[in-house]
Amino acid sequence: MYTTSGLALVPLPRCPNYCATKAALHQFILALRRQLAGTSVKVVELFPPAVQTELHDAKHQPDIENGRQIGITIDEFMDTAWKGIVEGKEEIPVGFVVGMLEKIDTPRKQIMSNMPWNPAEFEKANK
């Protein structure tokens, strides 16, 4: 199980390094999941939105006023995340990420499904 972020899909200019690392991890997960398709290994990705935690407190981000109020509550996040885990979902978007994931990743996954991924498929596709 991996935890990325809604910012893996759409970056926030305020924190490009965070967004870039989450986007890279998301791409890795998509490729890994495809490589492991047909095996007993399940690759799970959790996509939290902003959650009301100490991450946004003045200690960590002094330029944000009332940072603890940013995002959804921990209870909201945990209820949705736990439900997705219990249901055995491979992708668990939470909050606003639900709509973003569908709009952004559905076309990406369609394109990816048509790409060769092993040497034999690649060679065949390029003849």
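Residues numbered from 1 in each chain as written. Predicted model: local features only at pLDDT ≥ 70, side-chain atom pairs only at ≥ 80, totals over all residues. Heavy atoms only, no water.

Caption draft 1: Main features of the packing of aromatic side chains. For the coordinates displayed, the defined rule picks out one aromatic pair. For the ring pair Tyr2 and Phe28, a centre distance of 6.1 Å and an interplane angle of 80° mean the geometry is edge-to-face. Taken together, the positions of Tyr2 in strand β1 (residues 2-3) and Phe28 in helix α1 (residues 16-35) put the pair 26 residues apart, joining distant regions of the chain. Residue class for Tyr2 comes out partly exposed when judged on its relative accessible area of 28%. (Phe/Tyr/Trp six-rings, centres within 6.5 Å; stacked < 30°, edge-to-face > 60°. Helix = DSSP H or I, 4+ residues; strand = E, 2+ residues; numbered from the N terminus. Buried < 20%, exposed > 50% of the residue type's maximum accessible area, 1.4 Å probe, protein only.)

Caption draft 2: Just the pattern of salt bridges, in detail. The final tally for this structure, using the stated rule, is seven salt bridges. With a shortest N-O distance of 3.4 Å, Glu91 and Arg33 are connected by a salt bridge. In this pair, Glu91 is assigned in strand β3 (residues 91-93) and Arg33 in helix α1, connecting sequence segments 58 residues apart. Of the two residues, Glu91 and Arg33, neither departs from the other in class, the shared state being buried. Residues joined in a network through salt bridges with shared partners are Arg33, Glu90, Glu91 and Lys109. (Salt bridge = Lys/Arg side-chain N within 4 Å of Asp/Glu carboxyl O.)

Caption draft 3: Layout of helix α2 (residues 74-86). Compared with the 18 Å implied by 1.5 Å per residue over 13 residues, the 18 Å span of α2 between its first and last C-alpha is a close match. The set of residues buried in α2 consists of Phe77, Ala81 and Gly84. Looking straight down α2, one finds its buried side chains confined to an arc of 60°; they lie on one side. Projecting away from the buried face of α2 at angles above 90 degrees are the exposed residues Asp75, Asp79, Trp82, Lys83 and Val86. Buried residues along α2 sit against β2 (45-47) and β3. Downstream of α2 by one or two residues, Gly88 has phi in the positive range, about 75°. (Expected span 1.5 Å × (residues − 1). Arc of directions from axis to C-beta. Contact = heavy atoms within 4.5 Å.)

Honestly, that's just the spatial picture; any functional story needs more than this.
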